[in-house]
Every structure is written in C-alpha cells, then in structure tokens.
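Next come the chains, spelled out residue by residue.
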Amino acid sequence: MNDSNRIRPRRLRRSQALRDMVSETRVHADQLIMPHFVLGEDGQQESIESMPGIDRMGPDRLLRQVEADRELGIRSVLLFGLTGDSTKDSHGTASKDPTGAGPRAIALLKKEFGDDLLVITDVCLCPFTDHGHCGPLENGQPDNDATLPLLGEMARVHADAGADFVAPSDMMDHRVAAIRDALDQSGHAGVGILSYSVKFASAYYGPFRDAASSSPQEGNRAGYQMDLRNGREAEREALLDEAEGADMLMVKPALAYLDVIRRVREVSRLPLAAYNVSGEYSAVKAAAERGWLEESLVVRENLTAMARAGADLLITYHARDALREGWL
Ligand code: PBG
Ligand code: ZN
C-alpha cells in the first residue's frame, strides 16, 4: 500500500443513498418543457408515425393533455401551431392569423391555467410557407431582412393571444432585435424571448418535419442554420442574441452538441435550454421498441447529460413518460 491507496473514490459509491447525496446533477420536473404540435380543429388528433407517443392535437384535446401533464408536474409547454396545405403561401401569411391553431391554443391554455402554465411558442415561418423554407425566398434561400418583419408580426400575434415567451427558430440574423422591437412597440414588453440561438443544420430534425410538414421543397437549410462543425461560431451566435435582448438561449440539437452546451454556458449568464430534438427522441423510441435499449435508463442518462453539460432547461418529448414512469 502506498500513500495513494488511502484515496478511494469508490467509497462515495457504496450505496444508493450515498450516491444520491453526492450526485452533482439533478434533473427536476421544473426544468422540463414539453413540445406540442397543434392542429386547427377541435376534436382533431393524429398520431405521428415517426414519433411514437406524440400526437398532433386540436386546441381542445391539447387542453386536456396539458391538464394531465400538469398533474405529473410539467408546468411549461412549447407550442408549434400548424396549418393546412391550402393556406400556405410564399410568405407564410397564415403565420400571423390570430384565428390559427397556435394563437387559439395559446388563448385557451392561458384562459384555463393562467400563470400556472408557462406558454412558449415557436416562431418560424416554415410550417406556413408553401416552399417549406423559414422565410420568403430570394434565389432559393430565405431573404433575411424581408423575413424579420414577418417574424415580428407572428410574435406579436402570439403575444396578443397571451404567450409568455416566444421562441424564434428561423436563424435569420437580427431576428431577436426585430422581435424585441415588435413586442415592445405593441405593448408586450413583458413577453420574453427564448432564442434558438445555436441551431445547427441537423439531420435529427427529420421526424419533426414529418410532424409539422415543414420540409423544404427544394434545397436544405444549410444557408441559414449553423454548420455542425463550428463551436466558436456557436459562442458568437449566443452572444449576439444576448446583445439583441434575448432572455434565454438555446442549443439545438442536444446530444451530439453537449460540448456546445458547455461552451455557451461558460460565455453567457442567461438561462440556457437544450432541445432534445425529434430525431433524438425517435432513435431512442425505435431502439427501445425492439428491445435493444432500456428506455427508462437511456432517457435518464440523456437528460442528465444535458443538465451536466450546463443546460438549465430541457425541452424534450420524453418529459411526460419520464415523469409518469419516474425515470428521473
Ligand atoms: C422550425 C423548427 C424545427 C424544429 C423546431 N423548430 C425544424 C427545422 O428547423 O427544420 C426542430 C424540432 C425537432 O426536431 O424536434 N424551424
Ligand atoms: Zn423554420
């Protein structure tokens, strides 16, 4: 036995109680945000083939689902309002329809739950454009500065309906500033912005694009979403959004980008969200269905890893299952 043998890290791992006491990372229901896809008609409910366990729902069904989720401890939601193909156009005009699925759901949820539910809404044009890109096109790519006022209007409509936070996911330059101004000028200085600051062009969004029918008809989003090889640029995007007035930041996707979560955590003091995206969810679900992975343990491991990397908030389709089944 030499001196170093007196030091035994395993002493801290001897029992569950001890491990729980010294654990450095804890995931709590208060950190979880449940995403929802909202349809326009009451009574509507549709399963999503590539996202088992997640349904698109009309506002009334959503209300009941959110009520049940609240019983489990989920106190915040991220809403994606959808629209039918016949209402889509080049500029995503339906995105600012106050009678659309999103605004109706926002109003219904806030009327029912008030401040007992935090309603965050995705702000992006891609579910509303006929070409599927996140802004009106110029030479096949979204025109950055033409997109900004449209995002501002969409955010204002959500705020008018009662949204607590808007979450722009388009990756246009200066959109946080444009949305902040639009909100402030319409009497919504108290409505916050959770910016998808660091959003990578990722193949993990595949199931979401099925769910929201928001795939680009031509081309891809590499001209506006971030290149997955870049970490320094992630810090730059995060700091720009903070300077433009974002209240909270986000890194998306989460699992292949834990290093980026850590880097953003270290350069900003704002609350930081990790978005555990559709493809990350579906991959776990598919493997679990085949019996190849133990879902409960994998979900716990994934969510804990995001928190350990530095995320304060976890946006995840697993939220309901994790709380109902006690996986955390
Ligand atoms: C819309 C948007 C996307 C996601 C959130 N908002 C898709 C995309 O950018 O193509 C992805 C969410 C997920 O995969 O769960 N811009
Ligand atoms: Zn988009």
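Use the structure listed above.
Residues numbered from 1 in each chain as written. Chains lettered and ligands numbered in written order. Predicted model: local features only at pLDDT ≥ 70, side-chain atom pairs only at ≥ 80, totals over all residues. Heavy atoms only, no water.

Novice: Looking at this model, I keep getting lost on the packing of aromatic side chains. Mind explaining?
Specialist: The relative placement of two aromatic rings is captured by the distance of their centres and the angle of their planes. Following the criterion strictly, the structure yields 8 aromatic pairs and no others. Ring geometry for Phe37 against Tyr317: centres 6.2 Å apart, planes inclined by 10 degrees, an arrangement best described as stacked. A residue pair is termed long-range when its members are at least 10 positions apart, and Phe37 in strand E1 (residues 32-38) and Tyr317 in the loop between strand E12 (313-316) and helix H11 (319-324) qualify at 280 residues. Owing to a relative accessible area of 1%, Phe37 belongs among the buried residues under this scheme. Ring centres of Phe80 and Phe208 lie 4.9 Å apart, and the angle between their planes is 75 degrees; on these two criteria the pair is classed as edge-to-face. Placement of Phe80 in strand E4 (residues 76-81) and of Phe208 in helix H6 (residues 206-212) is noted, with a sequence separation of 128 residues between them. Classification of Phe80 as buried rests on a relative accessible area of 5%. Its relative accessible area of 15% is what places Phe208 among the buried residues. Across the ring face of Tyr275, the terminal group of Lys252 is positioned such that the distance to the ring centre comes to 5.0 Å. (Phe/Tyr/Trp six-rings, centres within 6.5 Å; stacked < 30°, edge-to-face > 60°. Helix = DSSP H or I, 4+ residues; strand = E, 2+ residues; numbered from the N terminus. Buried < 20%, exposed > 50% of the residue type's maximum accessible area, 1.4 Å probe, protein only. Lys NZ or Arg CZ within 6 Å of the ring centre and 35° of its normal.)

Novice: Looking at this structure, how should I read helix H4 (residues 144-161)?
Specialist: Structural remark: α-helix, 3.6 residues per turn; residues separated by three or four positions point the same way. The first and last C-alpha atoms of H4 sit 26 Å apart over 18 residues, in line with the 26 Å expected at 1.5 Å per residue. For H4, every residue scored as buried is listed here: Thr147, Leu148, Leu150, Leu151, Gly152, Met154, Ala155, Val157, His158, Ala159 and Ala161. Just beyond H4, the residue with positive phi is Gly162, at close to 120 degrees. (Expected span 1.5 Å × (residues − 1).)

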